[in-house]
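Each chain, written out:
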Amino acid sequence: MNDWRLETAAAGPGHHPDPVRPDPIRAEYVREGPALFWLALGQACLTVLTLGLYRFWMTTRLRRYYWSAIRLQGDPFEYTGTGIEKLIGFLVALTILAVYLSIVNIAFVFGGLISADDVLGLELAINLSILASLPLIYFATYRAKRYIMARTRWRGIRFGMEQAAWAYAGRAVLLTLLTVITLGILYPFQNFRLTRFVTDRTWFGDLKFDQGGRWTALLGAWAWVYPGILMTIGAFVLIALDPEDEGMVAAAALLLMTGYFAIYLAMLRYRVVAFRYFWRHRTLAGARFRNGVDTGEVIGVTLCGSMAVWTAALFVAFGAMVVAAVFWAALVGEDRFTEILDQIEARRTDGKVAWQLLAVIATGYLAAIPVAIAFNHIFMTRPILRRQVEGMQIADAHVLATAQQRGHDHALEAGGFADALGVDIGSGF
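Since we're looking at a predicted model, the values are computed, not measured.

Rules used throughout
Residues numbered from 1 in each chain as written. Predicted model: local features only at pLDDT ≥ 70, side-chain atom pairs only at ≥ 80, totals over all residues. Heavy atoms only, no water. Pairing = 2+ DSSP bridges. Helix = DSSP H or I, 4+ residues; strand = E, 2+ residues; numbered from the N terminus. Axes fitted to C-alpha atoms, helices over the stretch in contact; angles between N-to-C directions. Contact = heavy atoms within 4.5 Å. Patch = residues over 30% accessible without salt bridge, like charges linked within 9 Å, V, L, I, M, F, W, Y side chains within 5 Å. Areas by Shrake-Rupley, 256 points an atom, 1.4 Å probe, with all protein chains shown as cover. Salt bridge = Lys/Arg side-chain N within 4 Å of Asp/Glu carboxyl O. Buried < 20%, exposed > 50% of the residue type's maximum accessible area, 1.4 Å probe, protein only. Parallel < 35°, antiparallel > 145°, perpendicular 65-115°, else oblique. Left-handed = near helix turned anticlockwise from the far one by under 90°. Core = buried A, V, L, I, M, F, W, Y, C linked by side-chain atoms within 4.5 Å. Nonpolar A, V, L, I, M, F, W, Y, C, P; charged D, E, K, R; others polar.

### Observations concerning the sheet that holds strand β10 (residues 392-395)
With respect to topology, 10 strands assemble into a closed barrel ordered β1-β2-β3-β4-β5-β6-β7-β8-β9-β10, the strand pairing being antiparallel. Direction aside, the axes of adjacent strands within the sheet are offset by 30° on average. Note that strand β3 (residues 75-79) and strand β4 (residues 152-154) share three bridges and pair antiparallel. Following the sheet pairing, Y79 is matched in β4 by T152. Lying on the sheet, helix α3 (residues 55-69) is in contact with β1 (25-29), β2 (70-72), β3 and β4; it crosses β3 at an angle near 160°. Strand contacts of helix α7 (residues 187-199): β5 (157-161), β6 (202-204), β7 (207-211) and β8 (282-284), with the helix running at about 170° to β7, the strand carrying the most contacts.

### Here we look at a nonpolar patch on the surface
Taken together, the side chains of I84, I88, V92 and I96 make up a nonpolar region of the molecular surface, amounting to roughly 330 Å² of accessible area. Looking at the element boundaries, I88 is found in helix α4 (residues 83-110).

### Regarding the pattern of salt bridges
Under the defined criterion, the tally for this structure stands at six salt bridges. A salt bridge links D75 to R155; the nearest nitrogen and oxygen atoms lie 2.5 Å apart. Note that D75 is positioned in strand β3 and R155 in the loop between β4 and β5, a separation of 80 residues in sequence. Note on D75: relative accessible area 27%, which makes it partly exposed.

### Things to note about the packing of helix α10 (residues 246-280) against helix α11 (residues 295-332)
Across the interface, α10 lies against α11 with an axial gap of 9 Å and an inter-helix angle of 135°. Of the possible angle classes, the one that applies to α10 and α11 is oblique. Note that α10 runs across α11; the crossing there is right-handed. Side by side, α10 and α11 meet where F261, Y264, L265, L268, R269, V272, V273 and R276 of the first sit next to T295, V298, I299, T302, L303 and S306 of the second.

### A word on the nonpolar core
Among the nonpolar cores identified, the biggest contains 43 residues, and Y29, F204, L284 and I394 are the most heavily contacted of them. Of all hydrophobic cores here, the second largest spans 16 residues; its members include F139, Y142, M161 and V198.

### Regarding the environment of G170
Position of G170 among the secondary structure elements: in helix α6 (residues 165-181). Residue classification places G170 among the partly exposed residues on the basis of a relative accessible area of 34%. When the C-alpha atoms of G170 and L134 are compared, they prove to be 9.9 Å apart, with 36 residues separating the residues in sequence.

### Regarding the pairing of strand β9 (residues 287-291)
The element β9 is largely enclosed, with a buried count of five among its five residues. Because side chains alternate across β9, one face comprises the buried residues A287, F289 and N291, and the other comprises R288 and R290, equally buried. Pairing between β8 and β9: two bridges, direction antiparallel. Bridging from a neighbouring strand, T283 pairs with R288 of β9. What sits between β8 and β9 in their antiparallel hairpin is a turn of two residues, with A285 showing a positive phi close to 50°.

### Brief notes about the packing of helix α9 (residues 225-241) against α10
As a packed pair, α9 and α10 sit with axes 7 Å apart at the nearest point and diverge in direction by 160°. Taken together, the axis directions place α9 and α10 in an arrangement best described as roughly antiparallel. As for the relative orientation of α9 and α10, their crossing is left-handed in sense. Contact residues: α9 offers V225, G228, I229, M231, T232, G234, A235, F236, L238 and I239, while α10 offers M248, A251, A252, L255, L256, T258, G259, Y260, A262, I263, A266 and M267. Its residues assigned to classes, the contact of α9 with α10 comprises 17 nonpolar, five polar and no charged.

If you want it as structure tokens, here you go:
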């Protein structure tokens, strides 16, 4: 029995539901893994070979693959963004950021915060530069989401978001300061308010989304973070009590690692719970959503997927370095290679040998990147997305058929600020 039927039963025997009201529809995920693996691997190889330039096209191709895999009532979603659009947006954003940071640094110079012999002033200026970038990070986050919405369609109807990036950035900065002041206690408040801000400005055609619920409902899930924080604080206290005691330092290190891992698990759990809660209290012109993604499954996929990605990446990196070393040995000859190994062991390498050794290490690193990206999509992004999609139900979905087309949003910056600042909005999905 689904949630809506439970609500009908709870209404009592006197309640008579609409006999023509359709059952809720479920979203589907229809793509298989092997095609995604080869797509991600090929795109990642091109990205490495072009020193990162191809990543705009890689992101576009992967988004198109994932969008087409998600279907409602048999109809797939469409992603209409292009790689050249993202590249141009990135270059524009990079230019604006360079000018902005230059102005900030000039202001520090004239303010007397930077001088050649003032170390404290220089450190203060660096920290203030980072803080000056915080509004831009939030601005970039909103703009990137808006671009994705503007390039997403279902049954030919476009999604979209209102132009409110600076308003979002201003609220986000104030809410972040509030979270810091309260030592993280009010993070659910920040998360809820920003999510509601974005949702309430998102449209499907001329139909508007609405975010309901209460931020206090997320406090229980967030409370799981604090045991890890307390363990981390306890580790630093142990070290401060007696930094010369090896046993105390070892215990502190173990407590610190345990605390970090506990925080990681708690944050992961919170994200899943919040995702589920937001969708359960979200509507679209009368259509109501539910999501039953399982927290334990997502945590299990994330942990096992991370192990698979790291194992594959290390295996490929080691294999590539071995091949590079064999090629190096064949190039210089056995005697010379033995001499080089002796120099490395004695830490007496000259500049030429150091560069050759660095090339071997770089070969392993570059070979591991495409494999890590491909395995990440296969073992983490795809299975988590599939669970999120298949857990989605929409009641009163017939209202979606009433949506009228909205105007085209050029979104000229195309998420370029997010790319330039390295803002991750869920791996671009």
